[in-house]
Amino acid sequence: MDAARGVTDHGAMDRALALAAEAAAAGEIPVGAVVRDADGRVLAAGRNDREETADPTGHAEIVALRAAAAARGSWNLEGCTLVVTMEPCVMCAGAILQSRISRVVFGAWDDKAGAAGSLYDLLRDRRLPYRAEVVGGFRADESAALLRAFFAERR
């Protein structure tokens, strides 16, 4: 971490991975997310909480985006980076685009429901009025290991 620049992608992913582990301990699918501004300052973080809140939108990305918008006092998160342990789904990709997040960095690919390059590529779809830069597979092994362990315990 560079104090002048705030949290790096690695630092944000460290925090997202810790949140994912926290989610798993609570019985949630282990996904964590961090939103940081252009200077690297963390605005907000979140983890999956669908089971705890009985909220179908309780994905880590949505939780973090809501908290970041509240912290910023605006729905517009242009210039911000979302770092998340798993590729966003269609719902989360839509929320990312609506919030104007400029950059998305994610860990594990989601071949079943991913919307940032695997199954769909909504975040970079040229037909849409807004697009985000995407860095996929960042520290994917660590993120995927959490998911594999979580689902292995449930089988």
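Residues numbered from 1 in each chain as written. Predicted model: local features only at pLDDT ≥ 70, side-chain atom pairs only at ≥ 80, totals over all residues. Heavy atoms only, no water.

> I'd love a proper account of the packing of aromatic side chains, names of residues and values included.
As enumerated under the stated definition, the model contains 2 aromatic pairs in all. Measuring from centroid to centroid gives 4.8 Å for Phe106 and Trp109, while their planes differ by 85°, and the two rings are edge-to-face. Classification of Phe106 by relative accessible area gives buried; the value is 0%. With a relative accessible area of 43%, Trp109 lands in the partly exposed category. Look at Phe150 and Phe151: their rings are 5.1 Å apart centre to centre, the planes differ by 85°, and that puts the pair in the edge-to-face class. Classification of Phe151 as partly exposed rests on a relative accessible area of 31%. (Phe/Tyr/Trp six-rings, centres within 6.5 Å; stacked < 30°, edge-to-face > 60°. Buried < 20%, exposed > 50% of the residue type's maximum accessible area, 1.4 Å probe, protein only.)

> Before we move on, could you go through the nonpolar core and cite the residues and values that matter?
Val35, Ile96, Ile101, Val104 and Leu123 are the most contacted members of the largest nonpolar core, which has 28 residues in total. Of all the secondary-structure elements, those providing two or more residues to this core are β1 (32–36), α3 (60–72), β3 (81–86), α4 (90–99), β4 (103–108) and α5 (140–154). In terms of residue count, α3 provides more of this core than any other element does, 4 residues in total. Aside from chain neighbours lying at most four places away, what touches Val35 is Arg41, Val42, Leu43, Ala44, Ala64, Leu65, Ala68, Cys80, Thr81, Leu82 and Ile101. (Core = buried A, V, L, I, M, F, W, Y, C linked by side-chain atoms within 4.5 Å. Helix = DSSP H or I, 4+ residues; strand = E, 2+ residues; numbered from the N terminus. Contact = heavy atoms within 4.5 Å.)

> Quick rundown of the pattern of salt bridges? Include the residues and the values.
As enumerated under the stated definition, the model contains 13 salt bridges in all. For Glu22, the salt bridge is made with Arg47, and the minimal N-O distance between the two is 3.0 Å. You can see Glu22 sitting in helix α1 (residues 9–25) and its partner Arg47 sitting in strand β2 (residues 42–47), a full 25 residues away along the chain. Classification of Glu22 as partly exposed rests on a relative accessible area of 42%. For Arg103, the salt bridge is made with Glu133, and the minimal N-O distance between the two is 3.6 Å. (Salt bridge = Lys/Arg side-chain N within 4 Å of Asp/Glu carboxyl O.)

> Tell me about the sheet that holds β3, and name the residues and values.
Spatial strand order, β2-β1-β3-β4-β5: 5 strands in an open sheet with mixed pairing. Across the chains shown, the open sheet's two edge strands, defined by having one partner strand only, are β2 and β5 (133–135). Adjacent strand axes in the sheet meet at a mean angle of 15°, parallel and antiparallel pairs treated alike. In this sheet, β4 lies alongside β3 in parallel orientation, the contact comprising 5 bridges. Residue pairing in the sheet places Val84 in a bridge with Phe106 of β4. Contacts between α3 and the sheet are confined to β1, β2 and β3, with β2 contributing the most and set at about 150° to the helix. In the packing of α5 onto the sheet, the strands contacted are β3 and β4, and the crossing angle to β4 comes to about 55°. (Pairing = 2+ DSSP bridges. Axes fitted to C-alpha atoms, helices over the stretch in contact; angles between N-to-C directions.)

> Give me α4: which residues, what numbers.
Taken together, the buried positions of α4 are occupied by Cys92, Ala93, Ile96, Leu97 and Ser99. The buried residues of α4 all sit within an arc of 165° when viewed along its axis, so they share a single face. Residues of α4 that are buried make contact with α3, β3 and β4. Looking one or two places after α4, you find Arg100, whose phi comes out positive at around 65°. (Arc of directions from axis to C-beta.)

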